[in-house]
Structures are given as C-alpha cells and as structure tokens.
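So you can see what is in the structure, the chains are spelled out below.
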Protein chains: 2
Amino acid sequence: MRFPLSPAPWLRRYDRRDLPSDLIAGITVAVMLVPQGMAYALLAGMPPVAGLYASTVPLVAYALVGSSRSLAVGPVAIMSLLTLAGVGALAEPGSAEFIGLAGLLALMVGVLQLALGLLRGGVIVAFLSHAVVSGFTSAAAIVIGLSQLTHLLGVSLEAQAPLAIAFEALRRLGDAHPATLAVGLGAVALLLAGTRLPKRFPTPLVVVVLATTLVALLGLGDHGVRTVGVVPAGLPIPTLPDAPLSAVLALLPTALAIAFVGFMESIAVARSLSAKDGERIDADRELVGLGLANLAAGMLAAFPVTGGFSRSAVNHRAGARSGLATIVTALLVAITLLVLTPLFRHLPQAALAALVIVAVAGLVDANTPRHLWRVRRSDALTLAVTFLATLTIGVEQGILSGVGFSLAVFVWRSAFPHVAVMGRLDEQGVWRNVARYPDVRLAEGLVVLRPDASLYFANATYLRDVVERTLAERDDARGLVLDLSAVNDVDAVGLDGLDALMRELDQRGVEVHLAGMKGPVRDVAARAGWRERHAERAFHVGLDQAVAAAAAACSERAGRALGVTTG
Amino acid sequence: MRFPLSPAPWLRRYDRRDLPSDLIAGITVAVMLVPQGMAYALLAGMPPVAGLYASTVPLVAYALVGSSRSLAVGPVAIMSLLTLAGVGALAEPGSAEFIGLAGLLALMVGVLQLALGLLRGGVIVAFLSHAVVSGFTSAAAIVIGLSQLTHLLGVSLEAQAPLAIAFEALRRLGDAHPATLAVGLGAVALLLAGTRLPKRFPTPLVVVVLATTLVALLGLGDHGVRTVGVVPAGLPIPTLPDAPLSAVLALLPTALAIAFVGFMESIAVARSLSAKDGERIDADRELVGLGLANLAAGMLAAFPVTGGFSRSAVNHRAGARSGLATIVTALLVAITLLVLTPLFRHLPQAALAALVIVAVAGLVDANTPRHLWRVRRSDALTLAVTFLATLTIGVEQGILSGVGFSLAVFVWRSAFPHVAVMGRLDEQGVWRNVARYPDVRLAEGLVVLRPDASLYFANATYLRDVVERTLAERDDARGLVLDLSAVNDVDAVGLDGLDALMRELDQRGVEVHLAGMKGPVRDVAARAGWRERHAERAFHVGLDQAVAAAAAACSERAGRALGVTTG
C-alpha cells in the first residue's frame, strides 16, 4: 500500500478521453451544489455564502488525494446538523462568534481525520454498525426536516426538541406567513415532481431560479418573505481561525463525532459507487482526503464537509471518471462567487428550506428496520435505540448510544454462548447437536458438550454453569467430554477458568476429556503448561477418541473405587 | 432454582452434629474480627466502633439467606478504601456528616445488590475479568498500605496520591513519633512472626492485647501515642440515615462500584471455598444475602461490608459447617460491644494500622501478572492498565478502566480475526490451514479461506479486506470458497456484508461458494432469504463439495465467455 498522502491515482495517469465526461459531470454537480451548499449552510446556522466557500478549495483538496473517482465532497445535511448542535451550544447561530467556532470545528475535524488517516486508523469505521448508521440517519433526517419548518412557515419557533418543534409548528400553523408558506410549499411540490424526471435534470436550480424570479418580480421581499439578501462577492481569504484552548476543548466531542460520522458516511458512499466499477477504496487515503478538505474548509471560515450520497450518485451517473470532475465543480462554484452573487439577493430562504426538506425526506429508511427485524431482532433493537436516542436526547448522544449498544449486544451474546449437547449418529460415524438431530445416541455415562464460542473471561463462568447444570441432570454421568472444535480463540482468564473446572470435577470424581482443540487454542494451552498438567486428556483430536478415553478412565476409576471398598 | 429470598439451605435442615464445630469456628472468627473490624473502620474514615457495629446484625442477615456455609461477611479492607475514596470526596473523614453519608452509602449498596439479586442479575459478575480483579487488588493493597503510614509514623501526611504519600513518608521519617513508631513496628513484627503459626492462632488478638497493655502500663497515651479512646458501650439503635437526593446522586457511582466489587470479591471467595466441598454457590442468592447485610449496615450507622478472603478461610479451616458459625461470631461481637469496650481505651491506632498493613501485604500478587504474560500478553496488559489506573487515577476509575479495557481487547480481537488460507491434504482427504500444514495442495484457480470467528458488524469489513487482498495475490483465482465451519454466530449486518461481497465478486466474474455453515448461522441466512437468492452456492456441507462446485462453475463461466467472444 502507498503512503496515504501521495497524489490520487488519477493524477498519476490521466486519460484524456475521460475529459468530456468529467466536464459534464463537474457542471452537473455544480448546478446542484450551489443551491444545496447555501441551504446546508443555513441549516448549519451559517450565512449562505459559507456553503459556497465550503464548495471551493475543500473539493480540490479531496480530489488531489482521495481514492474515489466519483465521490462528491462538500456540505452535507447531517454534518450541518451536527455543526449546529455542537457550535450552537456555545454561540448564537449566525453570529460572528458562531462563524469563527464553526471554522475552528472544521479545522479540528480536518486535523483528526488527517491524523487518523496517516496513522492508518481507518479500520475504526468497522465499529459503526450499519444498524447504527441507519437508525441515526433516519432520526437525523427527521430532526433536520423539522428544523426547516420555521423557514417554511415564516414563523420563529421557540421549541428546541424535535417533537416539541413539531407540536409548536402544528399549533402555530395559523400564524404562518402566507406568501412564505406559498413559496415554500410551491418549491416542495416542484421538487417532488422533479424526482420523476431523469436524475441529471437540475430541478433544484430550476426551482431556485423560479422562486427567486417570483420574489423579485412581485417584490415579496418587502412583504415579509425572508430572502438570502446581500451576499458578499468574491473568494474568501484563507486565514486560521482563533483557537483558544477552552473553545478547542468544548468543541472536541463534536469534532470527534463529525470526524467519525463524516468519514463513515463518505466511505459508505464511496464503497457503494466503487463496487460497481471494481475500483478499490483505501480507507486511510479517504481519511487523508477528507482531512485536507476540512482543513481547507476551516481556513475559509466555512464548516465541516464530507462526501455526500445524493451529489455523488449524480456525479457517478453523469459520468465522472476522475477527481477532475470535482475540480470542475469547484471552479464553477468559485466563478459563481465572483460574478453571480447579486442574483441571490431575492432568493427566498423558504425555497432553500424546501430543498433541504425534500433532500432529507429520502434519507428516512423504513426498509432496513424491517429487514433487520426479520433477520436478527437484536440488530433491529440497536437501530431502534440509536433512532430514539438521536431523536430524544441529541444527535451526538444518539451515535454514541448506538455504538455503545451495538458493542454491548455483541459482548452480551458472546458472554452467554450456545452450548450444544452432542450425540453420535452411528451410521455416519459423526457427532451432532441433540437439539437438531433427535435420533443421535448419547454416550453412556458421559456428557458431551460443544461450546459454540471463543472462550474468554466473560463466558468462563457461564460455561461452568452449563456444565454443572447438565451434569446435575444426568445422574449416570461419571465423565464429561468437551468438544472444543468451535472454539476459535481463548484468553488466559478463559483458559484458567476451564482449568479450574477440570480440576474441581476431577476432585469430585468426574473424568474430563477435551477434543478438537484448534491450533491457536492449543498454542495458548501449551504456554499455560497444559501439556505437562493435562497431557493426553486435553488434546484428543476427535470426539470418538475422547469419548473412548473418558469411558475407559471412568471404568478404571470405578474399578479402583471398588478395589478400595472391598480391599 | 429457588427464589433467592428464601431461607438459607442450612436453616431448613440443621444437623445438630455440626454444632460443636460451628461454635468453635464462630469464636475463632470473632477473635479475629473484633480488632480487624476496628482497623478497617479507621481505614474507611469511620470511628472504630462502627467496625464493630458492621460486625453484628449484617452478619446475621447474610447467614440467614446466603448460600455459602463458610463465607465470613463483615468489614473488608478494599470496601473500606472505596468508602473512604467515595465519601471522602463529600465530607471530612471522621466527621458526623461523613458517618451519615457512609451509612447512606451502605444502604444504597444494599438496595442495589438486593435489586440485582432479585432480578437474577448475578451474571453481571462475568464481566469482571480475573486480570482486572488481580490488578485492582494489588494496586488497592498498595494504596491501603500507604494510607496507614500516617498512623504508623504518628505524623499527619499532607499528600493524597499514593506515590506522593510514599515520598512524603520517606522524607518525614525523621519527624516520626518514636513511641508510636515503636508500637507500630513492634506490632508489624509480631504479626509477621504470627504468620508462621497455625492459621487458627489468634495473632491479631494477642498483638492488640499486648499493645493495649503496653500503652496502658507505660501511660503512652499521655505521651502522644494516639489510641482508640473512649468507645461508647452498647448496641447501636437501628435508624434510617438521611438521604437527600443530592447525596444519593453524588454517592451513586461509588455505590455501584462497591456493590459490584464487593459482590465480585465475595463470590470469588465463596466459590473457592465451596469448590473444596462440592457445594453449589448461587450468585443471585449471594447478592440477596450481601444486599440484606448492607441494608443492616446502613441502618446501624456503619459502612459497606462483604465476604472477605482471610476471615472466610479461617472460618472454613476452623470447621464452619453452616451460617450458624457466623451468627455465633455476631453474638460475640455484640457481647464485646456491651461489656468490653472500656478495654479499647488504650488500644493504640498504630497497632490497628499494623494489622491492616500486614493483612493487605498478602494481597499484592506478582504471580498472576507473570502467568498472564506467559500465556496471553493482552490479559497481562489488562492487568497492567487496571493496576496503573488504580494507583494513579483512583480506585473507582481503576476498576472502570480495567473493565472497559478488557472488553475493548475482546471486541478488538473479534474485529480482526484470524482467517486461515486452506489447502487439501490429499492422503487424509481433509482441508487444513496452509500456515500450519505447508504440504497441503492449494485448489487450482480457487482461493479457499476459513474465517475463525463469529461474523458481526465490526469484522465484516475486515473479512472483505482479507478476501480482496488474497484474491489480488493469486492472479489465477477465478473463484472463492469460504469455509464457514468456524463461524458460530452471525448478526444481520455481518451477514449483509457477506451478501454484498458475494454480489460484488459475482459481478466481477469471481465465483463465490460457501461451505460448512452451522445450524444457527443457516437459520439467520434463511431468514434473510439466502435460500432463494444464493440457493446451493451458499449451503455446501463440506469443502470438497464446495470446491468441486466452484471449479465447475468457473469452467462454465469461462466456456460462456469463450462462447460470447467466438460466437
């Protein structure tokens, strides 16, 4: 593998024949990105122009390093929501202080992602279960949608919690500003209608142009329809945001959440697109690319960015063959900033809110919970916990709860594993689980068990309980055979637990033999001195052998006992 | 299983022949408990008499319900340390407020343990690895030993952190109060000498009597040797401590830690003693017994108790046959409170400190780290993390860090499992790991892999990476066979990951076949619709079959490709 800070593959050998499709894709995405960037900036509590800043140099930074050909980086709804939640706790949205902190946040996200990528820490993404991502995304989409109601109604809502916002919006429907509501609902209707058109059709641009023209012609801005207003023309001057230690510390949890979630969302999108092309996505290189993009966003007084699903899909479908498409997009946004900003004066915020609402409506996913519920209830439960925590407690806490819960489910299940009672199918000469093969023959005077899990500290006690319970149920049992063929791994504490169990049962006159120990487990047992202590008892290759040896040892014991009694 | 709040087994049928040995054991433990109880009370920041209160009704409460015949409940060094750490953060040790809060703490511990036991939550103890317990105990013993230096030297030390205490004690060795130091060191020397006598010899009592006599005869109390002083005679009057919500909330983390650690220590002791007798210890019943004991301790203005190792071992060796031995102990302590308290007036605190130091010195365990290091380094690392965190950050944080670290090690290992490349031993007709059997034959044009772990969300990506890497290394590979015989369990996200991998490889012209799927995994796959989607490809019984099918499918594909090209 190459060091992840080297140039992207497409830079090393660019095929000129890709130029036309890269150009078309770049233009297509730019047309979508200009209105979306402004909308997501508003969602993040930032001035609309910050969304355009975030759509310039950060895109180029990713394109030069990232490993995906068609990932479209830029402002993304969920990142904006996390930004608003994190920075909003420290400063008033839209204030100069807020803007400074959002830039600092982007810088921190960039540093974290860059560092993680250079340390080859991309594997960390494995710990974010798809069940968590699905629950979080659906809940975040609802939170985002509700947050736009204030713009759609033209009414300032007091409530903070998502459900409270919904109730207040409903209660104050009568206070809605009629013209604002008309513009907003009209935009929603057009955007929904546009979903039936081919994906490359620039519905958002058309809607925004229509809404702006309408507002400008009818002078609705003077009648209370809130517009974007004067947008400063020109490119931003790169600068490092102020970074007092207290602000850095206060923003750290949010920065960690955004770095993590942004990476996760981006790599999921990149992988799903690359799967179609057989292209390889390198997680560490992706982290470095996103890290550089966020560093750039931080220096442009913008806010955190990542690779989003909808624009990436459009980019891919429009034929993007390399990062050049993204660079074309960035150049077009820069040109927009230089010459087109006067056009945004009459752009109504309600139209941007409509854009956000329609975009996130597609993120609410009812299929995954149904699928998970059918296949494995615990995964559906993880999704539900994440969804509810995100909706009721908060967005960062929602992810954290989901990750914690999903790992807890795994640990809990590993701590109480399936233990099969085994019997012999004499015709085939194999041993099978009694629960699945009721016709098997149980070994006479012996309990044969197969723990179906790696043995470690947390299930050592459970295994002992199962053994004790099973022995208690079989009065005739004078011996125990454990089939360890399903034990993939063992830690020292788990092994010691088994050792102690063997010793105790031995003292109580129960013969214990082990069979089918795998290589890695055998290695650990050897280091713990089992070859000397348990010798052949612990290392039978197959169950037939182990059962024969245990039966022989039991009769010998019985003989000895008899000898003592009669002698 | 019986409901855990029913009377203890020995109450249902007491064998009168056990009476003499129960009496002797009860007396033996009482003789040990009176000085120890006062010493551990001082360690907890409580007046010495509280240690005697804690040794009366709480013992009876446990004896009437608990499942162990010989567990000796009462004040224990580590519980006292946790009490001092938790309550000391809220009030000045020894103050009336401190005493009230310690009683409240015991009450809370009792409620938590009782609730957990009635809810049959005793399994929770499984998550405390022996590596964590060992590291914590060693570190706690050091912390406790160092905390007694102030009493031994007769010098008040300012430092709080264990290492700082050690340095300060060393630096101020010259300021030591000579008579105090002489009494303390003399007591330590006698106690150490006593460890060579039979365990039932009441060395602590002898030392305490000697020290008290010496101090009384020489009038050392008037020369600056600090003594226990006037101890109020009589039994405590049961009362409920004040429980303002703020205090309850502030004490909750400590109460959880004590409930957890106390239960863990107690059940470990009970199990190690019961193993010798073949007696069954019921974790839930133990929780209920300890819960009642702590409720009683709370109502007597005492502090949290549990089953300790040293007195239980003495109780067992002295012949305790039932809880009656413990009730005898409690009665003797009560009599002591009624008539013997005047004797404690001249008991020097330095002698009690010596008692604590010698007791905890035996808890520092150097064998377990060495054993774990040899058998499995990660377990030794868990021990080291717990030890260092307990010593440097704090006792509660130490346990928490240990539990977190040990679970993280398990999760981390499960996320990056061993994946074996498989080849065939043609003579035996079996498939084996290439790394362990270099003579195996690789299947022509096929990669055969065996993931040695349950598949779940956190290792789905890793499995994909290993598959991709292995396929990239074998240019001739047109197919992949996964041996799932070591996969004990699968969650929906892990299964979906495998599904997606199969679909992608299929699109890239790589045949994927699966073999050896176990029953529980097959059930999950069936619920996910694999029978319809993958049919026979996913459900081969053995590797021979799967490899043959994959090879046939590969040639067919090649034939089709050839047909298309030439057709």
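Please read these numbers as outputs of a predicted model, since none were measured by experiment.

Now, about the overall build of chain A: what can you tell me, with residues and values included?
Secondary structure summary: chain A contains 24 helices and seven strands in total. By the compact-globule yardstick of 24 Å for 567 residues, chain A is too spread out, its C-alpha radius of gyration being 31 Å. For chain A, the spread of C-alpha atoms along the three principal axes comes to 115 × 60 × 50 Å. Across the 567 residues in chain A, those meeting the buried criterion constitute 55%. In chain A, once contacts between residues fewer than 6 apart in sequence are set aside, the share between residues at least 24 apart is 81%.

How would you sum up the packing of helix α2 (residues 19–43) of chain B against helix α14 (residues 309–317) of chain B? Please name residues and give values.
Residues and elements named next belong to chain B. Between α2 and α14, the shortest axis-to-axis distance is 8 Å and the interhelical angle comes to 155 degrees. Regarding the angle of α2 to α14, the classification is roughly antiparallel. In the packing of α2 onto α14, the handedness of the crossing is right-handed. Every residue of α14 that contacts α2 at A25, T28, V29, M32 and L33 is listed here: R311, V314 and N315. A class-by-class count of the residues in the contact of α2 with α14 yields five nonpolar, two polar and one charged.

Any chance you could break down the sheet that holds strand β6 (residues 479–483) of chain A for me, citing the residues and the numbers?
Residue and element names in this part refer to chain A. Strand order across the open sheet formed by five strands is β4-β3-β5-β6-β7, with mixed pairing between neighbours. Single-partner strands in this sheet number two, and they are β4 (430–433) and β7 (511–515). In this sheet, adjacent strand axes meet at a mean angle of 35 degrees when their direction is disregarded. As defined by bridge partners, strand β3 (residues 419–425) adjoins β4 across four bridges and the pair is classed as antiparallel. Within the sheet, the bridge partner assigned to M422 lies in β4 and is N433. Seen against the sheet, helix α20 (residues 457–473) touches β3, β5 (446–451) and β6 and runs at an angle of roughly 155 degrees to β5.

How would you sum up the environment of R345 of chain A? Please name residues and give values.
Residue and element names in this part refer to chain A. Structurally, R345 is set in the loop between α15 (324–340) and α16 (349–361). A C-alpha to C-alpha distance of 34 Å links R345 and G394, two positions 49 residues apart in sequence. Non-local contacts of R345, meaning those with residues more than four positions away in its chain, are made with T227, V228, G229 and V230.

Help me get a handle on helix α10 (residues 178–194) of chain A, residues and values and all.
One full turn of an α-helix is made of 3.6 residues, so residues set three or four places apart face in the same direction. All names here are of chain A. Under the 1.5 Å per step criterion, the end-to-end length of α10 is 24 Å for 17 residues, consistent within 8% with the ideal 24 Å. Looking at α10, one finds that the buried residues are T180, V183, G184, A187, V188 and L191. End-on view of α10: buried residues confined to an arc of 130 degrees, all on one side of the axis. Turned more than 90 degrees from where α10 packs its buried face, P178 and A193 sit exposed.

Which residues make up the relation of the copies chain B and chain A, and what values go with them?
Rotating chain B by 180 degrees and moving it 0.0 Å along the rotation axis overlays it on chain A with an RMSD of 0.1 Å. Both copies of the chain, as the preceding transformation shows, are related through a two-fold rotation axis. Identified as the residue of chain B closest to the rotation axis by C-alpha distance is A486 of chain B, at 2.9 Å.

Describe the interface of chain B and chain A, naming the residues involved and giving the relevant values.
Chain B puts 45 residues into the contact, and the matching count from chain A is 45 residues. Among the secondary structure elements, those contributing two or more residues to the side of chain B that touches chain A are α7 (130–147), α17 (367–375), α18 (377–392), α19 (395–415), α20 (457–473), α21 (492–507) and α22 (519–527) of chain B. Counting residues per element, the side of chain B that touches chain A draws most heavily on α19 of chain B, which supplies six residues. Here the residues of the side of chain B that touches chain A sort into 22 nonpolar, 11 polar and 12 charged.

Summarise the domain arrangement of chain A; cite the residues concerned and give the values.
You can read the domains of chain A as domain 1 (15–408) and domain 2 (419–566). Computed over C-alpha atoms only, the centres of domain 1 of chain A and domain 2 of chain A are separated by 57 Å.

An account of the confidence of the model for chain A is needed here, citing residue identities and associated values.
Residues and elements named next belong to chain A. Mean pLDDT for chain A: 90, with 98% of residues reaching 70 or above. The weakest mean pLDDT in chain A belongs to helix α24 (residues 543–566) at 81; the strongest belongs to strand β1 (residues 73–74) at 96. If you check the scores for this complex, the pTM reads 0.85 and the ipTM reads 0.83.

Residues and numbers for the sheet that holds strand β4 (residues 430–433) of chain B, please.
Residue and element names in this part refer to chain B. Spatial ordering of the open sheet is given by β4-β3-β5-β6-β7, a layout of five strands whose pairing is mixed. Whereas interior strands pair on both sides, the edge strands pair on one side only; in this sheet they are β4 and β7 (511–515). Neighbour-to-neighbour, the strand axes of this sheet turn through a mean angle of 35 degrees, independent of strand direction. Relative to strand β6 (residues 479–483), strand β5 (residues 446–451) runs parallel, the two being bridged by four bridges. Considered in β6, the bridge of L449 is made with L482. The strands touched by α20 within the sheet are β3 (419–425), β5 and β6, with β5 carrying the most contacts at an inclination of about 155 degrees.

Outline the environment of M32 of chain B, listing residues and values.
Residues and elements named next belong to chain B. Structurally, M32 is set in helix α2. The spatial distance from the C-alpha of M32 to the C-alpha of R200 is 9.3 Å, given a sequence separation of 168 residues. What M32 contacts, discounting residues up to four positions off in sequence, is P202, P204, R311 and V314.

I'd love a proper account of the nonpolar core, names of residues and values included.
Counting residues in hydrophobic clusters, the biggest one holds 197 residues, and the most contacted among them are L81, L105, A351, A354 and V356 of chain A. If we ignore the near neighbours within four places in the chain, the residues touching A354 of chain A are L152, G184, A187, V188 and L191 of chain A. Core analysis: the second largest hydrophobic core is formed by 196 residues, A486 of chain A together with V188, F309 and L383 of chain B among them.

Run through the environment of T390 of chain B, naming residues and quoting values.
Residues and elements named next belong to chain B. Along the chain, T390 falls in helix α18. As a C-alpha pair, T390 and I142 span 248 residues in sequence and 9.9 Å in three-dimensional space. Here T390 is in contact with F136, A139, A140, V395 and G398, once residues within four sequence places are set aside.

Got a sec to walk through the packing of α20 of chain A against helix α21 (residues 492–507) of chain A? Specific residues and values, please.
All names here are of chain A. Packing of α20 against α21 leaves a shortest axis separation of 8 Å and a crossing angle of 25 degrees. Classified by the interaxial angle, the pair formed by α20 and α21 is roughly parallel. In this structure, α20 crosses over α21, and the sense of that crossing is right-handed. The residues of α21 that touch α20, namely those facing F457, A460, T461, R464 and V467, are V493, G494, G497, L498 and L501. Here the contact of α20 with α21 is composed, by residue class, of six nonpolar, three polar and one charged.

What counts, and at which threshold
Residues numbered from 1 in each chain as written. Chains lettered and ligands numbered in written order. Predicted model: local features only at pLDDT ≥ 70, side-chain atom pairs only at ≥ 80, totals over all residues. Helix = DSSP H or I, 4+ residues; strand = E, 2+ residues; numbered from the N terminus. Rg over C-alpha atoms; globule rule 2.2 N^0.38 Å. Buried ≥ 20, exposed ≤ 12 C-beta atoms within 10 Å, placed from the backbone. Contact = placed C-beta atoms within 7 Å. Axes fitted to C-alpha atoms, helices over the stretch in contact; angles between N-to-C directions. Parallel < 35°, antiparallel > 145°, perpendicular 65-115°, else oblique. Left-handed = near helix turned anticlockwise from the far one by under 90°. Nonpolar A, V, L, I, M, F, W, Y, C, P; charged D, E, K, R; others polar. Pairing = 2+ DSSP bridges. Expected span 1.5 Å × (residues − 1). Arc of directions from axis to C-beta. Least-squares fit on C-alpha atoms with pLDDT ≥ 70 in both. Domains from an automatic or database assignment. pLDDT = per-residue confidence, 0-100. Core = buried A, V, L, I, M, F, W, Y, C linked by C-beta atoms within 7 Å.

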